[in-house]
Amino acid sequence: MNYYVLTLFPQMILDGLNTSIIGRAVKKGLLSLEAINIRDYADNKHGKVDDYPYGGGAGMVMQAQPVYGAYEALCKRIERKPRLIYLTPQGRPFHQEMAKEMAKEKELIFLCGHYEGIDERVLEEVVTDYISIGDYVLTGGELPAMVMMDCISRFVPGVLSNESSGEWESFQNDLLEYPQYSRPKEWRGKEVPDVLLSGHHEKIEQWRQNQSKERTKKWRPDLYIKYKENQKKTSL
Ligand code: SAM
């Protein structure tokens, strides 16, 4: 998977992603990450990339030309026009299934907005997917782009050391994951549940299933309703 990020703050992307599991995957060549500075494509000597919004209002708007210049130069260089994701609070909410589907792409471009956003005309020209990471407004698209790349990368074969660890976790079948424990057996008077020490795989599986359901019911009742509805459909 090759990631290209069009941004005004390339260092933020490189600092944020070149560590831990993602950093290791980049070193192994399973992922590549390039942060492209939109400012390098400004057509004025001051590197100015924003201006006042037509019609008035607070803040500045990122201009169309530098964004298009950065996109066009990239596509020309790689001789392809990959899917381009614009991070915006107005987009479709990002979720686990979307990440799985996007992990099948060979490359993805992320476009990070700042200030009041980006001139609509260039978005109409280049964007294939408008994606939000939640119903709140951040100062820029860099953190959302990093959230998406981190999540998508977990589905790229070889990125997680144990291939299966990306499969059985929260949101699988609309349930949250069961609680996890590690050594020591007792910590500040709290014991690990006996069943996990029993070595009885069937019982452990049953306990985990029950915990998943209970936890989802309590913490994410919206998800639990979805789970129950799907259970009903599959039993018909
Ligand atoms: N004026 C815009 C609006 O109300 O829709 C918000 C602009 S926001 C201050 C600046 C940039 O941050 C956006 O262009 C977008 O790239 C990014 N951003 C902010 N919140 C986001 C979210 N929840 N999901 C994805 N991107 C977000």
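Just so we're clear, the structure is a prediction, and the values are computed from it rather than from any experiment.

How each quantity is defined
- Each chain carries its own residue numbering, running from 1 in the direction its sequence is written.
- Totals for whole chains, interfaces and linings use all residues, but because this is a predicted model, local features are given only for residues with pLDDT of at least 70 and pairs of side-chain atoms are given and counted only at 80 or more.
- No hydrogens and no water enter the side-chain calculation; it runs on all heavy atoms of the structure.
- Residues enter a nonpolar core if they are buried and are Ala, Val, Leu, Ile, Met, Phe, Trp, Tyr or Cys, with the set joined through side-chain atoms within 4.5 Å.
- Remark: exposure states derive from per-residue accessible area (1.4 Å probe, protein chains only) relative to the maximum for the residue type, with buried under 20%, exposed over 50%, and partly exposed in between.
- For helices the rule is a DSSP run of H or I covering at least 4 residues; for strands it is a run of E covering at least 2, with both sets numbered from the N terminus onward.
- Cavities and pockets were defined on a 1 Å grid built over protein atoms only: a cavity is a set of grid points that admits a 1.4 Å probe from which the probe cannot escape, a pocket is an open set flanked by protein on both sides within 12 Å along at least five of seven lines, and lining residues are those with an atom within 4 Å of any such point.
- Grid points are joined across faces, edges and corners, and a volume is the space filled by probe spheres set on the points.
- Each residue is assigned to one of three groups, with Ala, Val, Leu, Ile, Met, Phe, Trp, Tyr, Cys and Pro labelled nonpolar, Asp, Glu, Lys and Arg labelled charged, and all others, Gly among them, labelled polar.
- Whenever a carboxyl oxygen of Asp or Glu lies within 4 Å of a side-chain nitrogen of Lys or Arg, that contact is scored as a salt bridge.
- All axes here are fitted lines through C-alpha atoms, helices being fitted over the stretch that makes contact, and every angle between N-to-C directions spans 0 to 180 degrees.
- In this scheme, a crossing is called left-handed if the near helix is turned counterclockwise away from the far one by less than a right angle; it is called right-handed if the turn is clockwise.
- We call two residues contacting when some pair of their heavy atoms lies within 4.5 Å.
- Working note: the arc is built from the helix axis to C-beta atom directions.
- To estimate the expected span of a helix, subtract one from its residue number and multiply by 1.5 Å.
- Any residue with a heavy atom lying within 4 Å of a molecule or strand is counted as near it.
- Any pair of N or O atoms that falls within 3.5 Å is considered a polar contact. Within protein, one atom must be able to donate a hydrogen and the other to accept it, and sequence-neighbouring residues count only if both atoms are side-chain atoms.
- Working definition of accessibility: Shrake-Rupley area with a 1.4 Å probe, residue cover restricted to the visible protein chains.
- More than half of a molecule's atoms within 2 Å of the grid points is what it takes for that molecule to sit in a cavity or pocket.
- Stacked, edge-to-face and tilted labels apply to pairs of Phe, Tyr and Trp rings (six-membered ring for Trp) whose centres lie within 6.5 Å, assigned for plane angles under 30 degrees, over 60, and everything in between, in that order.

A. Structural view of the nonpolar core. Counting residues in each nonpolar core, the largest one holds 30 residues, and the members touching the most others are Tyr3, Phe110, Met148, Met149 and Ile152. Put simply, the parts of the chain that give this core at least two residues each are β1 (2–7), α1 (10–17), α2 (20–28), β2 (32–37), β5 (83–93), α4 (96–102), β6 (107–111) and α6 (142–153). The greatest single-element share of this core, amounting to six residues, is contributed by α6.

B. Just the layout of surface pockets, in detail. There is about 470 Å³ of room inside the largest pocket. For the largest pocket, the lining is made up of 25 residues, of which Tyr86, Leu87, Thr88, Pro89 and Gly117 are closest to its centre. Of all the secondary structure elements, the ones that give two or more residues to the lining of the largest pocket are β5, α5 (120–126) and β7 (129–132). Within the lining of the largest pocket, the residues separate by chemical class into 13 nonpolar, 10 polar and two charged.

C. Spotlight on the pattern of salt bridges. Throughout the structure, instances matching the rule amount to 13 salt bridges. The shortest N-O distance in the salt bridge between Lys226 and Asp174 comes to 3.6 Å. Taken together, the positions of Lys226 in helix α8 (residues 221–235) and Asp174 in the loop between α6 and β8 (186–187) put the pair 52 residues apart, joining distant regions of the chain. Here Glu191 makes a salt bridge to Lys185, at a shortest N to O gap of 3.8 Å. One continuous salt-bridge network, built from bridges that share partners, spans Arg83, Arg92, Glu101, Glu105 and Asp129.

D. Seen up close, the packing of α1 against α6. For the pair α1 and α6, the least separation of the axes is 10 Å and the interaxial angle reads 35 degrees. Of the two elements, α1 crosses α6, and the hand of that crossing is right-handed. In contact with Met12, Ile13, Gly16 and Leu17 of α1, α6 contributes Glu142, Leu143, Met146 and Met149. In terms of residue class, the contact of α1 with α6 is made up of six nonpolar, one polar and one charged.

E. Structural detail: α2. Among all positions in α2, only Ile22, Gly23 and Ala25 are buried. Taken around the axis of α2, the buried residues stretch over an arc of 160 degrees, which confines them to a single face. For α2, the exposed residues set more than 90 degrees away from the buried face come down to Ser20, Arg24, Lys27 and Lys28. Residues of α2 that are buried make contact with α1 and α6.

F. Here's a closer look at the environment of Ser32. Secondary-structure assignment places Ser32 in strand β2. On a C-alpha basis, the gap between Ser32 and Tyr4 in space is 8.3 Å, while along the polypeptide they are 28 residues apart. Non-local contacts of Ser32, meaning those with residues more than four positions away in its chain, are made with Met1, Asn2 and Tyr3.

G. Region of interest: α6. End to end, α6 covers 16 Å across 12 residues, agreeing with the expected 16 Å (1.5 Å per residue, within 8%). Judged by how many residues are buried, α6 sits mostly within the fold: nine of 12 residues are covered. Among the residues of α6, those classed as buried are Glu142, Pro144, Ala145, Met146, Met148, Met149, Cys151, Ile152 and Ser153.

H. Structural detail: the site of the ligand. Within the structure, the ligand sits among 21 residues, and Tyr86, Leu87, Gln90, Tyr136 and Leu138 are positioned closest to it. The separation between a nitrogen atom of the ligand and a polar main-chain atom of Gly134 is 3.0 Å. For the ligand, whose accessible area on its own is 590 Å², the fraction buried by protein is 86%. The cavity that encloses the ligand is the largest pocket. Every element with two or more residues in the shell around the ligand is listed here: β5 and β7. When residues of the shell around the ligand are assigned to their parent elements, the largest contribution, five residues, is made by β5. Tallied by class, the residues present in the shell around the ligand amount to 10 nonpolar, 10 polar and one charged.

I. Seen up close, the packing of aromatic side chains. Counted by the stated rule, this structure contains four aromatic pairs. Taking the centre distance of 6.0 Å and the plane angle of 55 degrees together, the rings of Tyr3 and Phe110 count as tilted. With a gap of 107 residues between them, Tyr3 in strand β1 and Phe110 in strand β6 connect regions that are remote in the sequence. Accessibility classification places Tyr3 together with Phe110 in one group, the buried group. On the basis of an interplanar angle of 35 degrees and a centroid distance of 5.8 Å, the ring pair of Tyr224 and Tyr227 is categorised as tilted.

By themselves, these observations are geometric and do not establish any function.
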